[in-house]
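# Notes for the structure review
If you want the building blocks of each chain, they are given just below.
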Amino acid sequence: MGTNYAPSMVQDTELAKILAAVPPDEAWATYLWLDKTTDSSDEDEQSLKHLNHEFIEAKIKEISGKNGEALALYRALQTELRAKELTWSPRVALAIKNLTHKQ
């Protein structure tokens, strides 16, 4: 992915700071706008882009205190990631663990 917000390129603490710098709706809109520059017809890249979107959306929900919604998104993402071998899969598991303890 060409975007600087891709989970595989930014650590969670850095990502949280980036996404929390603006209101949640603006963070999501900005992410989508930046990510449009990486449109591709490649099926694998589209699949990765979809997973990145889910991760970023969950992280924004988490940052904005919508822990239940974030947890649901992370769990759905974890199910999708089980079929793939991506280096950021453990980050999703950690987010689920952290949010589960908050409830």
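The following paragraphs examine the structure supplied in this document. (Residues numbered from 1 in each chain as written. Predicted model: local features only at pLDDT ≥ 70, side-chain atom pairs only at ≥ 80, totals over all residues. Heavy atoms only, no water.)

### Notes on the overall build of the protein chain
Within the protein chain one finds five helices and zero strands. Secondary structure of the protein chain in N-to-C order comes out as α-α-α-α-α. Among the 103 residues that make up the protein chain, the fraction classed as buried is 34%. Here the contacts in the protein chain between residues at least 6 apart in sequence split such that 61% fall between residues at least 24 apart. As displayed, the protein chain offers around 6200 Å² of accessible surface, 52% of which is attributable to carbon and sulfur atoms. (Helix = DSSP H or I, 4+ residues; strand = E, 2+ residues; numbered from the N terminus. Buried < 20%, exposed > 50% of the residue type's maximum accessible area, 1.4 Å probe, protein only. Contact = heavy atoms within 4.5 Å. Areas by Shrake-Rupley, 256 points an atom, 1.4 Å probe, with all protein chains shown as cover.)

### Re the environment of F55
In this structure, F55 sits in helix α3 (residues 43-63). C-alpha of F55 to C-alpha of L73: the two residues are 18 residues apart in sequence and 7.7 Å apart in space.

### Describing the side chain of E54
Here E54 lies in helix α3. When residues no more than four places from it in sequence are discounted, the contact partners of E54 are L77 and E80.

### A short note on the packing of helix α2 (residues 24-35) against α3
Remark: α2 packs on α3, axes separated minimally by 10 Å, with the N-to-C direction vectors making an angle of 165 degrees. It follows from the interaxial angle that α2 and α3 lie roughly antiparallel. The two elements α2 and α3 cross, and the hand of that crossing is right-handed. Note on element contacts: α3 touches α2 through K49, N52, H53, I56, E57 and I60, opposite P24, A27, W28, Y31, L32 and D35. (Axes fitted to C-alpha atoms, helices over the stretch in contact; angles between N-to-C directions. Parallel < 35°, antiparallel > 145°, perpendicular 65-115°, else oblique. Left-handed = near helix turned anticlockwise from the far one by under 90°.)

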